[in-house]
Amino acid sequence: MKTNIKKYFAIGVSWFLFTFCSNSPKNTFLSNYYIENDSIPSLFLGNMEEGGILNYSDIYDTLSFVKLETNPEALIGRVSKVEILKNGDFLIFDNANAGIFVFSSKGTFLNFIGHRGNGEKEYITPEDVVYDTYNDEIIVWDHNKMHLMFFHTDGKYIRKIKLPWYIGTLQVLDKEHIVVFMNHGDDIEHGYGYNIKVLDRDGVLVSEGLPYSEQFGTFNPACKMAFSVYNDTLFCNPPYSSIVYEVTKDSVLPRYFLDFGDCAIPKEWFGHMDNREMNQRLGHNPDLAYCGSFHEATNYFLLNIVKNRMVNIGLYPKQRNIESLYASFLWNDLYGLVSSNVIQTVRGNKVVSVLYADQFEPYQEVLEKESNSEVVRKNIVDKLYGTTFMSLFSKNNVAEKVREHIMSSRFEITSEERSFIQGIKRSDNPILQIGILK
């Protein structure tokens, strides 16, 4: 593991080591002290090249698409979350439309998970959903009713429990425990408020950590992407933090340090502003970078990195002899032309992203007029990376670099690929992109 030897003081969101006291949550204590940067693995991300470009073939061995069936009973607007079930089926959450669906591994609509309503087995405002791989169940957080609702994967209702607080997101820790990330300081008058609470499956508080009264001050944003799982290890990367924590039933311990170098958010910003103020300040300092989501895979760490108002993708290798990869732009030279920088979920070496039907329209327009692959490529570059794109990304000749990269890359449109792209309609449900990492 590559490590940078550099000391840093444990202050603010990025610099604390917190521990639990699982026997009595009221006596949960906080330890803050110097942490040596060589005491946890460090991922150096400070050498990110602006406008970096990667081919999909640099990242993935194979690429495939799963078209989610466009069923009039199950229309999806925007996908908020994707989970992969044990049998390979997909759990799809559309937060804006309060829809929770299960599709087969081939994209066939199978069933809903619950329904919106005020009935005993219904939810009003589903704000998050998670798949419990240990018990093969689906857990829905109804923000309005403050309920955790449990369902079988076929949609049959099991039970529900009421929580005394509002939460931002949740994840399953093990067969007996659920972890929630808070989004309000609701219990601050009773002592410390904590960002992370570990509950048993009846909702009883087992332990808690990451005190926001000490850690954040008024700064405590909700975050749907705070948690990720790798080989039954649960990670938490709090919003804007440079620390990735490992969460267990009894502890929250720093596991990885994300070293953004000169691009890091100054630590003095934390604890003095709320989420809105943080976003405003970042808007005035676009060269600063932070992690939007963190995933550990078999051979890489995958990060969505926000910098210059763009979502970038970073791949940090676990082997020292492999260089890290970073890109603001991805060129899909494998299959389907359309690419996505946003990672929805990672399981082992499988990466799932979401594409929408309207993203294919520019490619469809070009393919309708041309059959020669080289002419298609030139027309795509002119259409997608033309004057408008050049004006938006003129800094450091980024747009020109993208155009040159695409023109010099391998390019061939197969009849199968052409048929797939042209078969997508604007009214279709989203398409899942499945990449298998190298």
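Residues numbered from 1 in each chain as written. Predicted model: local features only at pLDDT ≥ 70, side-chain atom pairs only at ≥ 80, totals over all residues. Heavy atoms only, no water.

1. A word on the pattern of salt bridges
Working step 1: Taken as a whole, this structure holds twelve salt bridges when the rule is applied.
Working step 2: Among the ionic pairs, Glu120 bridges to Lys160, the shortest N-O distance being 3.3 Å. In this pair, Glu120 is assigned in the loop between strand E11 (109-112) and strand E12 (126-132) and Lys160 in strand E15 (residues 157-162), connecting sequence segments 40 residues apart.
Working step 3: The exposure class of Glu120 is exposed, given its relative accessible area of 57%.
Working step 4: Residue class for Lys160 comes out partly exposed when judged on its relative accessible area of 24%.
Working step 5: In this structure, Asp250 and Lys249 form a salt bridge, with 3.3 Å as the shortest nitrogen-oxygen distance. (Salt bridge = Lys/Arg side-chain N within 4 Å of Asp/Glu carboxyl O. Helix = DSSP H or I, 4+ residues; strand = E, 2+ residues; numbered from the N terminus. Buried < 20%, exposed > 50% of the residue type's maximum accessible area, 1.4 Å probe, protein only.)

2. Some remarks on the pairing of strand E31 (residues 431-437)
Working step 1: Taking burial as the measure, the seven residues of E31 include six buried ones, the bulk of the element.
Working step 2: In the sheet, strand E30 (residues 350-355) pairs with E31 via six bridges, with the strands oriented antiparallel. Within E31, the residue paired with Val351 across the bridge is Gly435. (Pairing = 2+ DSSP bridges.)

3. Thoughts on unusual backbone geometry
Working step 1: Unusually for a residue other than glycine, Ala98 sits at a positive phi of about 55°.
Working step 2: For Ala98, a relative accessible area of 9% gives the class buried.
Working step 3: One non-glycine residue, Met146, lies in positive phi territory at about 60°.
Working step 4: Inspection of the secondary structure puts Met146 in the loop between strand E13 (137-142) and strand E14 (147-152).

4. Some words on the environment of Asn135
Working step 1: Residue placement: Asn135 occurs in the loop between E12 and E13.
Working step 2: Considered as a pair, Asn135 and His152 are 17 residues apart in the sequence and their alpha carbons are 9.3 Å apart.
Working step 3: In this structure, Asn135 is in contact with Lys175 and Arg201, ignoring residues within four places of it in sequence.
Working step 4: Side chain to side chain, Asn135 and Lys175 meet in a polar contact 3.1 Å long. (Contact = heavy atoms within 4.5 Å. Polar contact = N/O pair within 3.5 Å; in protein donor to acceptor, adjacent residues only side chain to side chain.)

5. A short note on the packing of helix H4 (residues 361-369) against helix H5 (residues 373-384)
Working step 1: At a minimum axis distance of 10 Å, the contact between H4 and H5 shows a crossing angle of 140°. Between H4 and H5, the angle is such that the two are oblique. Here H4 and H5 pass one another in a crossing that is right-handed. Between H4 and H5, the residues in contact are Pro362, Tyr363, Glu365, Val366 and Leu367 and Val376, Asn379, Ile380, Lys383 and Leu384, respectively.
Working step 2: Class assignment for the residues of the contact of H4 with H5 results in seven nonpolar, one polar and two charged. (Axes fitted to C-alpha atoms, helices over the stretch in contact; angles between N-to-C directions. Parallel < 35°, antiparallel > 145°, perpendicular 65-115°, else oblique. Left-handed = near helix turned anticlockwise from the far one by under 90°. Nonpolar A, V, L, I, M, F, W, Y, C, P; charged D, E, K, R; others polar.)

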